[in-house]
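Given next are the chains, with one letter for each unit.
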Amino acid sequence: MAQLLRSGCSGRVLCSGAVGAARSMSTAWWRHVEPAAKDPILGVTEAFLADPSPNKVNVGVGAYRDDNGKPVVLECVREAERRIAGNLNMEYLPMGGSVNMVEETLKLAYGENSDLLKDKRIAAVQALSGTGACRLFADFQKRFSPDSQIYIPVPTWANHHNIWRDAHVPQRTFHYYHPQSRGLDFASMMDDIKNAPNGSFFLLHACAHNPTGVDPSEEQWREISHQFKVKGHFAFFDMAYQGFASGDPERDAKSIRIFLEDGHLIGCAQSYAKNMGLYGQRVGCLSVVCEDEKQAVAVKSQLQQLARPMYSNPPVHGALIVSTILGDPDLKKLWLKEVKGMADRIIGMRTALRENLEKLGSPLSWEHVTKQIGMFCYSGMTPEQVDRLTKEYHIYMTRNGRISMAGVTTGNVGYLANAIHEVTKSG
Amino acid sequence: MSDSVFASVVQAPEDPILGVTVAYNKDQSPVKLNLGVGAYRTEEGKPLVLNVVRKAEQMLVNDQSRVKEYLPITGLADFNKLSAKLIFGANSPAIQENRVTTVQCLSGTGSLRVGAEFLARHYHEKTIYIPQPTWGNHPKVFTLAGLSVKSYRYYDPSTRGLDFSGLLEDLGSAPSGAIVLLHACAHNPTGVDPTSDQWEQIRQLMRSKGLLPFFDSAYQGFASGNLDADAESIRLFVADGGECLAAQSYAKNMGLYGERVGALSIVCKTADVATRVESQLKLVIRPMFSNPPIHGASIVATILKDGDMYTEWSVELKAMADRIISMRQQLYDALCARGTPGDWSHIIKQIGMFTFTGLNTNQVAFMTKEYHIYMTSDGRISMAGLSSKTVPHLADAIHAAVTSAA
């Protein structure tokens, strides 16, 4: 246990040992605290909400909206909640979270019949959505691979940088997005993978890359996996959009399955924020594939040691919703249908946006709008163009030109296309 | 298959507190008793969901207009305001002057962690003084947040009460500006609280040395049965116009354990400072969990903002506190009746969910082995886990441990 105090002066001017009014009570501890910069993403919604314009459009934060621009609670979720309410107690979950929820979640990522699951080789804990899963992994990485760094794609979700920074893991970047083609800079990405020191840690977006919507093809994933083998790299997958990208969860997990086939021992962050619409419930999972069951037990115990001083144990409500849905074949079927519905609507909006822009006679190519996948479209617009969209058209998005397609509706796609055309037509 | 980069990871030891329940669950004995983790149990030994909480939950479920969107980083605004009022008092000048920033966090643990990370980044003193003993998780929370941990004397084993002079001495020799963790009421694990007079002396000493109070309030309403009385220590400090931090948990007093509902408040000198502090708290929260879980906070807000539901809650809360006080009395009486050697009056003098029995690790191990009593090895028992039916069994166990085990 910690030391008792030694009395006496530490050399500080104010430490006189006497209980006198050495310090004025009016000393404010926080006068030097600077106002922090607004979060670039969540700040957009704040600004949107404050705007009184009737035409305003929010294509900022990545939360799904229906065709009326309204948030959606899935039917399967409402039903699960009805079943849960009033039934169960609210006792603490174990530190590792809901065992049921974790089991079902691993099936989604690794496959129902995965040998890894049968052989109990996956260390997994419930986490606070994707953010919490990434943060727990980053803390774990710091503690158990203290000399490692994390390679992060350019660009990536802004909070990734914050997470690994707060975990005190040094960061490097690797090429990913190719601005000219608005696609993948595969050659440079492979170069970076080859040039990184053997055994480096890489952050990969499993599908529906955020913010670009640009994913490697299956062939490209195979090459990446192969190169990772050659270099002995560690792959950490952030999968926030399983089911949401193509509409088919199995298909969206393809990148992970390729790596597993090749024998990689991966890490994976999963989130139910988007694909089950459980945003505010903060439900997710962190998993780490190990060599054997014993190692998985050890790793899980250490993950719990990191969770305990952060929040003790994770919230039960969202986890119950997930395990209720995934544990009931009918509810699970309903969920799969609803996820596909969301993905299809987004794919439909991509097509509509592109067609509208082409009809307006835009001089630019908007092919990327339909080639990119998932919630976001990396439009290629500059910050200045984005600012014009906001100022002149009350359209809210992040300044990197990322459009949340979920915010696009049949009602506003024309207005959006027109505005984009206006600010980009001069090149 | 490649080698794991984590091949050298060794298995971590069980959490001492949560590990007790794990061991209890494995035990097949019909007379087993779980006095480990501090979760309330009814007289029937069952977990309890308060009626008013069920009511609030139903209201939420039935409200079709409710969505599950992300909360802001700082959490549910209503919840934050109401939580501040609950702990500081509705008429607190600090609140009226907008000098308080409150952010929703993951129960007490999460509130402590966020507060500590903020201090580690923005406060000039990186040392926190914690009472000896304290909740097992405190040291790790602060260490991982980047603070260094020292302790101050608190519990006196010989009296099973407060080592007040030791406390004053240790805080008196802390460097000016150091952070001091204070249990607002119902000290965990000892159940020993300072009296009002003693709190006033502590306040004077701390303010004269510029020590920064960081309150952990996990049992408001649970200790005495009265929400205002249990917040007296905190309000004393806020009333003098100074600054402090307060971590609040609704795990016990609203029975929302697994929902992870809590709040961190920082009382600042001015409204402007409070605004800036809040913006920095967001930067701590975002890379930790982005925004807090909505469900539990919505339940709390629903209850706190409705006059009738608030009253209903305070009645149910008092009933829980009263049952615990009654268990204390029953256990004390049972030990007296058995003539168990020693002075057991601390059982009725201590307050809150826990009793620091004074039993040593050998005695505890004996009780587990021979009587299937599960408790933490420091001799702490959760009174909430007792019932009129099980008090005799515990009393027998303690009697046997004291008279036979070392």
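Here the structure is a predicted model, which means the values were calculated and not measured.

Reading the values: rules and limits
- Numbering of residues starts from 1 in each chain and follows the order in which that chain's sequence is written.
- Lettering of chains starts at A and numbering of ligands starts at 1, both following the order in which they are written.
- With the structure being a predicted model, the display of local features is reserved for residues of pLDDT at least 70 and the display and counting of side-chain atom pairs for 80 or more, all residues being used for whole-chain, interface and lining totals.
- With hydrogens and water set aside, each side-chain value is computed from the structure's full complement of heavy atoms.
- The start and end points of each domain follow an automatic or database-based domain assignment.
- Working rule for contacts: check all heavy atoms of both residues, and any pair within 4.5 Å makes them a contact.
- Here the buried area means the combined drop in accessible surface, using a 1.4 Å probe, for two parts upon being joined, counting both sides.
- Throughout this description, the term salt bridge denotes a Lys or Arg side-chain nitrogen within 4 Å of a carboxyl oxygen of Asp or Glu.
- Nitrogen and oxygen atoms within 3.5 Å of one another constitute a polar contact, given that in protein one can donate a hydrogen and the other can accept it, and given that sequence-neighbouring residues count only through two side-chain atoms.
- The secondary structure listing takes helices from DSSP runs of H or I that are at least 4 residues long and strands from runs of E that are at least 2 residues long, numbered from the N terminus.
- Three residue categories are used. Nonpolar comprises Ala, Val, Leu, Ile, Met, Phe, Trp, Tyr, Cys and Pro, charged comprises Asp, Glu, Lys and Arg, and polar comprises the others, including Gly.
- Note on exposure labels: buried denotes an accessible area under 20% of the residue type's maximum, exposed denotes more than 50%, and partly exposed covers the range between, all computed with a 1.4 Å probe on protein chains only.
- UniProt positions are given in the numbering used here, feature names are shortened, and annotations may be inferred rather than shown by experiment.
- Detection works on a 1 Å grid of protein atoms alone, calling trapped sets that fit a 1.4 Å probe cavities and calling open sets with protein on both sides within 12 Å along at least five of seven lines pockets, with lining residues defined by an atom within 4 Å of a point.
- Grid points are joined across faces, edges and corners, and a volume is the space filled by probe spheres set on the points.
- Two strands pair under a simple rule: DSSP has to find at least two bridges between them.
- The convention used is that axes are lines fitted to C-alpha atoms, helices contributing only their stretch in contact, and that angles between N-to-C directions extend from 0 to 180 degrees.
- Expected span, for any helix, means 1.5 Å times one less than how many residues it has.

Student: Please clarify how the domain arrangement of chain B should be interpreted in this entry.
Tutor: Often, the extent of an interface is quoted as the loss of accessible area upon association of its parts. All names here are of chain B. Taken domain by domain, chain B comprises domain 1 (18-48 + 321-404) and domain 2 (70-305). Contacts between the two partners involve 19 residues from domain 1 and, on the opposite side, 18 residues from domain 2. Interface area for domain 1 against domain 2, summed over the two sides, is near 1500 Å², with a carbon-plus-sulfur share of 62%. Counting across the interface, domain 1 meets domain 2 through 0 salt bridges. Counting every contact that joins domain 1 to domain 2 gives 6 residue pairs in polar contact (both at pLDDT 80 or more). Contributing elements (two or more residues each) for the side of domain 1 that touches domain 2: α12 (307-338) and β11 (354-356). Class assignment for the residues of the side of domain 1 that touches domain 2 results in 9 nonpolar, 7 polar and 3 charged.

Student: Quick question: what am I supposed to make of the domain arrangement of chain A here?
Tutor: All names here are of chain A. Annotation of chain A at the domain level lists domain 1 (40-72 + 343-424) and domain 2 (93-327). Just the C-alpha atoms count here: the centres of domain 1 and domain 2 sit 28 Å apart. Facing 21 residues of domain 1, the contacting portion of domain 2 comprises 20 residues. Across the domain 1 to domain 2 interface the summed buried area is about 1600 Å²; carbon plus sulfur atoms make up 64%. It is I373, F376 and Y378 in domain 1 that bury the most area against domain 2; as a group they hold 35% of the surface buried on that side. At the surface where domain 1 touches domain 2, the tally comes to 0 salt bridges. On inspection of domain 1 and its partner domain 2, the count reaches 6 residue pairs in polar contact (both at pLDDT 80 or more). At the level of elements, α13 (329-359) and β11 (376-378) are the ones that each hand at least two residues to the side of domain 1 that touches domain 2. For the side of domain 1 that touches domain 2, the class distribution of residues is 12 nonpolar, 8 polar and 1 charged.

Student: Before we go on, may I ask you to explain the pattern of salt bridges in this structure?
Tutor: If the charged atoms of two oppositely charged side chains come close together, the side chains can form a pair. In total, this model carries 39 salt bridges over all chains according to the counting rule given. One salt bridge connects R41 of chain B with E91 of chain A, and the closest N-O pair in it is separated by 2.7 Å. Residue R41 of chain B is found in the loop between β1 (33-34) and α2 (51-62), and its partner E91 of chain A is found in the loop between α2 (75-84) and α3 (99-110); the two belong to separate chains. Neither R41 of chain B nor E91 of chain A differs from the other in exposure class; each is buried. Notably, a salt bridge pairs R354 of chain A with E358 of chain A, separated by 2.8 Å at the nearest N-O pair. Of this pair, R354 of chain A and E358 of chain A both sit in helix α13, separated by 4 residues, roughly a single helical turn.

Student: Hey, could you run me through the UniProt feature "domain: Aminotransferase class I/classII large" (unreviewed entry) in chain B in this one?
Tutor: Per the UniProt annotation, the sites labelled "domain: Aminotransferase class I/classII large" (unreviewed entry) are residues 32-398 of chain B. Strand forms 16% of residues 32-398 of chain B and helix 46%; the C-alpha atoms that close the span are 14 Å apart.

Student: So what exactly am I meant to see when it comes to the layout of surface pockets here?
Tutor: Here the idea is plain: a probe the size of a water molecule rolls over the atoms and shows the empty space left. A volume near 960 Å³ is recorded for the second largest pocket. Along the wall of the second largest pocket there are 38 residues; nearest its centre are L42, T45, E46, L49 and V61 of chain A. For the lining of the second largest pocket, the secondary-structure elements that each account for two or more residues are α1 (42-50), β1 (57-58) and α6 (158-166) of chain A together with α10 (271-289) of chain B. It is α1 of chain A that contributes the most residues to the lining of the second largest pocket, 6 residues altogether. Class assignment of the residues belonging to the lining of the second largest pocket gives a composition of 17 nonpolar, 11 polar and 10 charged.

Student: Before we go on, may I ask you to explain the sheet that holds strand β7 (residues 201-205) of chain A in this structure?
Tutor: Across a sheet, paired strands are connected by hydrogen bonds in the backbone, their directions being either parallel or antiparallel. Residue and element names in this part refer to chain A. Here 7 strands make up an open sheet; going across it, the order is β2-β10-β9-β8-β7-β3-β4 and the pairing mixed. Two strands in the sheet have a free side with no partner beyond their single neighbour: β2 (122-127) and β4 (171-175). The sheet shows a mean angle of 25 degrees between the axes of neighbouring strands, direction not considered.

Student: Any chance you could explain helix α16 (residues 413-424) of chain A here in plain terms?
Tutor: All names here are of chain A. For α16, built from 12 residues, the straight-helix expectation of 16 Å at 1.5 Å per residue is met to within 8% by its first-to-last C-alpha distance of 16 Å. Every buried residue of α16 is accounted for by V413, L416, A417, A419, I420, H421, V423 and T424. In this structure, the buried residues of α16 make contact with α13, α15 (383-393), β12 (395-396) and β13 (402-404).

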